[in-house]
Amino acid sequence: MTRDRLFLTEGGASFAEVLVAMTLTMIGLVGAMGAFQAAERSLRTGTLATRALAMAESRIEAKRSVRWDRLLLDDLNHDGVPDLVMRDDGIGGDVLAGDGVYSGSWDQDGVQLMWTVTPSRFGSLSVSGHVLLEARSVYAAGEGQREVRIGTLRANPVFVGNR
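Residues numbered from 1 in each chain as written. Predicted model: local features only at pLDDT ≥ 70, side-chain atom pairs only at ≥ 80, totals over all residues. Heavy atoms only, no water.

In this structure, the largest pocket occupies an estimated 290 Å³ of space. When residues of the lining of the largest pocket are traced back to their parent elements, those giving at least two are β3 (102-108), β4 (111-119), β5 (130-141) and β6 (144-155). When its residues are assigned to classes, the lining of the largest pocket shows six nonpolar, five polar and five charged. In this structure, the second largest pocket encloses a volume near 180 Å³. If you go around the second largest pocket, the residues you meet are Arg 59, Ala 62, Lys 63, Ser 65, Val 66, Arg 70, Leu 73, Asp 74, Asp 75, His 78, Gly 80 and Pro 82. Elements with a contribution of two residues or more to the lining of the second largest pocket: α2 (15-65) and β1 (73-74). Tallying contributions element by element places α2 first for the lining of the second largest pocket, with four residues. Classifying every residue of the lining of the second largest pocket by side-chain character gives four nonpolar, three polar and five charged. (1 Å grid on protein atoms, 1.4 Å probe; cavity = no way out; pocket = protein on both sides within 12 Å on 5 of 7 lines; lining within 4 Å. Points joined across faces, edges and corners; volume = space filled by probe spheres on them. Helix = DSSP H or I, 4+ residues; strand = E, 2+ residues; numbered from the N terminus. Nonpolar A, V, L, I, M, F, W, Y, C, P; charged D, E, K, R; others polar.)

Here we come to the pattern of salt bridges. This structure, assessed with the given rule, holds seven salt bridges. Put simply, Arg 44 and Glu 40 hold a salt bridge, and the shortest N to O gap is 2.5 Å. Pair noted here: Arg 44 and Glu 40 are both in helix α2, with a separation of four residues, about one helical turn. Given the relative accessible area of 40%, Glu 40 is considered partly exposed. The closest approach of N and O atoms between Arg 59 and Asp 74, which form a salt bridge, is 2.7 Å. Residue Arg 59 is located in helix α2, and its partner Asp 74 is located in strand β1; the two are separated by 15 residues in the primary sequence. The same class applies to Arg 59 and to Asp 74, which are both buried. One network of salt bridges, in which partners are shared, links Arg 59, Lys 63 and Asp 74. (Salt bridge = Lys/Arg side-chain N within 4 Å of Asp/Glu carboxyl O. Buried < 20%, exposed > 50% of the residue type's maximum accessible area, 1.4 Å probe, protein only.)

Bringing the packing of aromatic side chains into the picture now. Tallied over the entire structure, the rule returns zero aromatic pairs. Its guanidinium or amino end placed over the ring of Trp 115, Arg 59 lies 5.1 Å from that ring's centre, counting from NZ or CZ. (Phe/Tyr/Trp six-rings, centres within 6.5 Å; stacked < 30°, edge-to-face > 60°. Lys NZ or Arg CZ within 6 Å of the ring centre and 35° of its normal.)

Nothing here speaks to function; it is all geometry.
Set out below in structure tokens:
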């Protein structure tokens, strides 16, 4: 084979081949970017779900550990001074005035937290044998909203062991 004939058979890629290769590469990149966006959305929703659960659990634990006479006071920033007094007045997250359910609410980092204290007897907490503590966190997920609900009972220490 001659030297001239060798150079003639070694041709480069044609314009059409380069165009097809670029098109396939772009299709792959667009698909990868869509996957990254979906993963980021899923991660954001998971982060909010975790934060919502942690906030609800934290509020329930705070209510379980506080002295009985301070059950309707909330120190949200943990500085030793109550930031919120739970009320049964139909205002600020309380559903119905005078229903015996004391409510509080707080919005933080994309999560709305609402909690309630429901005495076993209507009236003063001091005459109730126990209370139902409930916390509900609501957060945006996709095109709708999701919520986390938890609750527990807490006995009045004055009545514990007495029947």
